[in-house]
Amino acid sequence: SGAAGPDRPQVVSHVQQALSYTVFDCKWVPRSARLLCLGSAARGTGLVQLYELHGARLELLREIEKPKPIKCGTFGATSLQQRYLATGDFDGNLNIWNLEAPEIPVYSVKGHKEIINSIDGVGGLGIGEGAPEIVTGSRDGTVKVWDPRQNDTPVANMEPVQGESKRDCWTVAFGNAYNQEERVVCAGYDNGDIKLFDLKTMSLRWETNIKNGVCSVEFDRKDINMNKLVATSLEGKFHVFDMRTQHPTKGFASVSEKAQKSTIWQVRHLPQNRDIFMTSGGSGSLHLWKYEYPAQRSKKDSEGSEMGVAGSVSLLQNVTLSTQPISSLDWSPDKKGLCVCGAFDQTVRVLIVTKLNKI
């Protein structure tokens, strides 16, 4: 299915691996042909599986069992030498693991009262300036930023103000980390709220509501001056915000696209081209998109204030891989077009997306 034409990228399923448990997240290990699957075993424990890609097969190198199901993981706050994995679990624990010696976490904190739904890291892997930090978003309604070099207290805690009802935070992402001082966190909630927290000024910089649960947010790049943000929703829509120009009252310009009828679980930008991104869906499908910038990215309103101008989005390709939702997705940072995704049919798939150079 999807867009035809000789120069269109194709999404090829390279390897399929059946799992005996529910996979919630999968990640490429940086600078390697290895990938991780994180999830929940039938008996309610947590699992981390490390696989290596050998041609057209995946070899299981290691399986690590932990007391609580693991919801999410990131390598973003570690060095390329260490490649420590930070995970969030169903009990609200943030743990950091050395995968070479995974018995005891190198860092552990009871970060939240309830499940950690989403995690992101920045300042590691040689990406982004500033301290290595991890952000966690939880069902308890709070978003917390951690510096693993400091003890048990978060360096920032974004929680509902007094009297405000707590919303389930489903997704968090770092951005704007282009120098030592600047850094933002974007969070999306079950009621459609999107909030942008400025960690430099420790204040709420912007908020909007997309009228539908926010499943995933991601900046096109974490380590540049804020450029674009994609937010996906429960009802099959996604929004691309132009983050270069913030209007005093209207905020950021955006374009929205209806990708499918079902939930868009995840969005991930291609590491080698920030204008290409993939969305994964509740119908077991993947959609590959390209963003086109407008002729001019900003204009003046009648008062003379700068306002952004949204571009447009075109579908490059789509493919249905599963009868169940594809809930996690990760591009290889090293090999262009190599991708891993995990679905609720208890299968992890390694994909190759071809012809990305032609776009």
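Residues numbered from 1 in each chain as written. Predicted model: local features only at pLDDT ≥ 70, side-chain atom pairs only at ≥ 80, totals over all residues. Heavy atoms only, no water.

As recorded in an unreviewed UniProt entry, the protein goes by the name Dynein axonemal assembly factor 10, listed as coming from Picathartes gymnocephalus. UniProt, in the comment section headed Function (unreviewed entry), describes the protein in these words: "Key assembly factor specifically required for the stability of axonemal dynein heavy chains in cytoplasm." What UniProt states about the protein under its Subcellular location (unreviewed entry) heading is, verbatim, "Dynein axonemal particle". (UniProt positions renumbered as here; feature names shortened; annotations may be inferred.)

Draft legend 1. Main features of the pairing of strand β16 (residues 193-198). Within β16, six of the six residues are buried, which leaves it mostly tucked inside the rest of the structure. Residues D193, K195 and F197 line one face of β16 and the alternating positions I194, L196 and D198 line the opposite face, and both faces are buried. Here five bridges tie strand β15 (residues 184-189) to β16, and the two strands are oriented antiparallel to one another. When the sheet's bridge partners are listed, V185 is paired in β16 with F197. Taken together, β15 and the strand that follows it, β16, pair antiparallel across an intervening segment of three residues, in which G192 is found at a positive phi of about 95°. What sits between the antiparallel neighbours β16 and strand β17 (residues 203-209) is a turn of four residues, in which M202 has the positive phi angle 50°. (Buried < 20%, exposed > 50% of the residue type's maximum accessible area, 1.4 Å probe, protein only. Helix = DSSP H or I, 4+ residues; strand = E, 2+ residues; numbered from the N terminus. Pairing = 2+ DSSP bridges.)

Draft legend 2. How the structure looks around unusual backbone geometry. In this structure, R31 is a non-glycine residue whose phi angle is positive, near 55°. Along the chain, R31 falls in the loop between β2 (22-28) and β3 (34-40). A relative accessible area of 59% places R31 in the exposed class. At K211, a position not held by glycine, the phi torsion is positive, near 60°. Mapped onto the elements of the fold, K211 is located in the loop between β17 and β18 (214-219).

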